[in-house]
Amino acid sequence: MRDPLSALSDAFTSFLFGKVETTRLPVRTSTGQAQAVYLPTAAPGLGDSGVIIGREVYSGKGYIYDPFQLYGQQLPAPHWLVLGESGNGKSALEKTYVLRQLRFRDRQVVVLDAQGEDGVGEWNLIAQELGITPIRLDPTAALNGGIRLNPLDPSITTTGQLALLRTIIEVAMGHGLDERSGFALKVAHAYVTATNTDRQPVLIDIVEQLRHPKPESAEAMNVDIDDVRAWGLDVALVLDRLVDGDLRGMFDGPTTVGIDLDAPLIVFDLSHIDRNSIAMPILMAIVGVWLEHTWIRPDRKKRIFLVEEAWHIINSPFVAQLFQRLLKFGRRLGLSFVAVVHHLSDVVDGAAAKEAAAILKMASTRTIYAQKSDEARATGRVIGLPRWAVEIIPTLTPGIAVWDVNGNVQVVKHLITEAERPLVFTDRAMTEGSTDDLLPEDIRAAELEAEQRAARIEHQQRMNESSESTVA
């Protein structure tokens, strides 16, 4: 019971000065409940160990990402998918990411460079800066002493060689080998590897053996020699394209001496190959298997395999299966696969939809640059983005992207240093949207406008979600 004198004093004070506010007791609550007071809160970061990407748009804090540091704790797989239309910063992100990863001594990177101009690939400047000579696969140059990769290189196991030959043939034919053609290929390969002990076997040896099989090949299965020859005829015609057709010179001889697989950066320059021809997936298959058997080794190095125009891989069922195996195998040996794709529809609506879904599922990190509204909604459905992120994607300006790292979704502004800028932005203003022609104040004004617009969208979205939750 209150003291009568205190009650009388409070009443008199209230009469003279108005009602006196009472002291409220402290309220105990959780941070999850208290954050509703300040709706536009930023998601937690990914830690402070790894490669600096830029800054998180809403909080302004630094954004650090490294699949090798996050693997096993926040990431179930170290693979990464980068999406977005040309001119929004995918190329700049890839290049600065690789340059920053190479600051670590235990990192090694292979790049399949499918774009370029002026006779060189897009990664040529970075390779020169690091003192690296790109492995330029060019049918014309190969005939004059250029680079060759031998599918029958002794460094590849006999099982790997046969699997590679099958993949090449299936990609070129557009369907799988039947049992009879597969048998003809197997006996031809077995004979060539057994008899060529003083030199590297080459594709012409396989072609000649398919055209003129030995009697013992038929006797092994108790079939006629003419049948074995007929079974292998289509296979021989496909391989002949690599020996005497439009792809001759690159794979029909011993592997070029001097390819340094211990260099920190290995660039396969595919810019001289028609990206829309059957040659590209064949090249992807050969390079993929060749790397699997010669590059990925249990030496505790962390390796990054970056593929531009990756839909050439994922859109072919046979090549997609090959790379799917590579991803599963490489994860145990410290391999991070980075696939760069313009549109997700190029992949999920293609001929290898099943294989594409499996590869996308293994990519625990997804970075999405600006896309049109319809494409953004389709992307959001496939990879499971929250609604507020899907609505932001069409409004993003170059250099800003939505990052989804195993469910941790943030909007990130990629930052480029002055030292990196000459290597990242070349004269590809028409193809990759270089920002070199813009004044710094124009760039910053565009960034601020995009950030404010994105913040308004997210704030409104979270307000709506909060209202729906309250009503429920």
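Since we're looking at a predicted model, the values are computed, not measured.

1. Digging into the packing of helix 7 (residues 158-173) against helix 12 (residues 233-244)
Packed helix pairs are characterised by how far apart their axes lie and by the angle those axes make with each other. Interhelical geometry of helix 7 versus helix 12 gives an angle of 95° and a closest axis separation of 10 Å. Between helix 7 and helix 12, the angle falls in the class roughly perpendicular. Note on element contacts: helix 12 touches helix 7 through Asp234, Val235, Val238, Leu239 and Leu242, opposite Leu165, Ile168, Ile169, Ala172 and Met173. Residue composition of the contact of helix 7 with helix 12, by class: 9 nonpolar, no polar and 1 charged.

2. As for unusual backbone geometry
As a rule of thumb, non-glycine residues mostly have phi less than zero, and peptide bonds are mostly trans rather than cis. One non-glycine residue, Arg300, lies in the positive phi region at around 70°. Phi is positive for Asn406, close to 55°, though the residue is something other than glycine. When its relative accessible area of 43% is taken as the criterion, Asn406 is described as partly exposed.

3. With respect to helix 15 (residues 317-331)
Helix length check: helix 15, at 15 residues, gives a terminal C-alpha distance of 21 Å against a target of 21 Å (1.5 Å per residue), a fit within 8%. Restricting attention to buried positions, one finds in helix 15 the residues Phe318, Val319, Ala320, Leu322, Phe323, Gln324, Leu326, Leu327 and Gly330.

4. Quick notes on the pairing of strand 1 (residues 51-56)
With 5 of its 6 residues buried, strand 1 lies for the most part within the structure. Connecting the antiparallel pair strand 1 and strand 2 (residues 62-65) is a turn made up of 5 residues, with Gly60 showing a positive phi of about 80°. Bridge count between strand 1 and strand 13 (residues 408-414): 3 bridges; the pairing is antiparallel. When the sheet's bridge partners are listed, Gly54 is paired in strand 13 with His414.

Rules and cut-offs
- Residues numbered from 1 in each chain as written.
- Predicted model: local features only at pLDDT ≥ 70, side-chain atom pairs only at ≥ 80, totals over all residues.
- Heavy atoms only, no water.
- Axes fitted to C-alpha atoms, helices over the stretch in contact; angles between N-to-C directions.
- Helix = DSSP H or I, 4+ residues; strand = E, 2+ residues; numbered from the N terminus.
- Parallel < 35°, antiparallel > 145°, perpendicular 65-115°, else oblique.
- Contact = heavy atoms within 4.5 Å.
- Nonpolar A, V, L, I, M, F, W, Y, C, P; charged D, E, K, R; others polar.
- Buried < 20%, exposed > 50% of the residue type's maximum accessible area, 1.4 Å probe, protein only.
- Expected span 1.5 Å × (residues − 1).
- Pairing = 2+ DSSP bridges.

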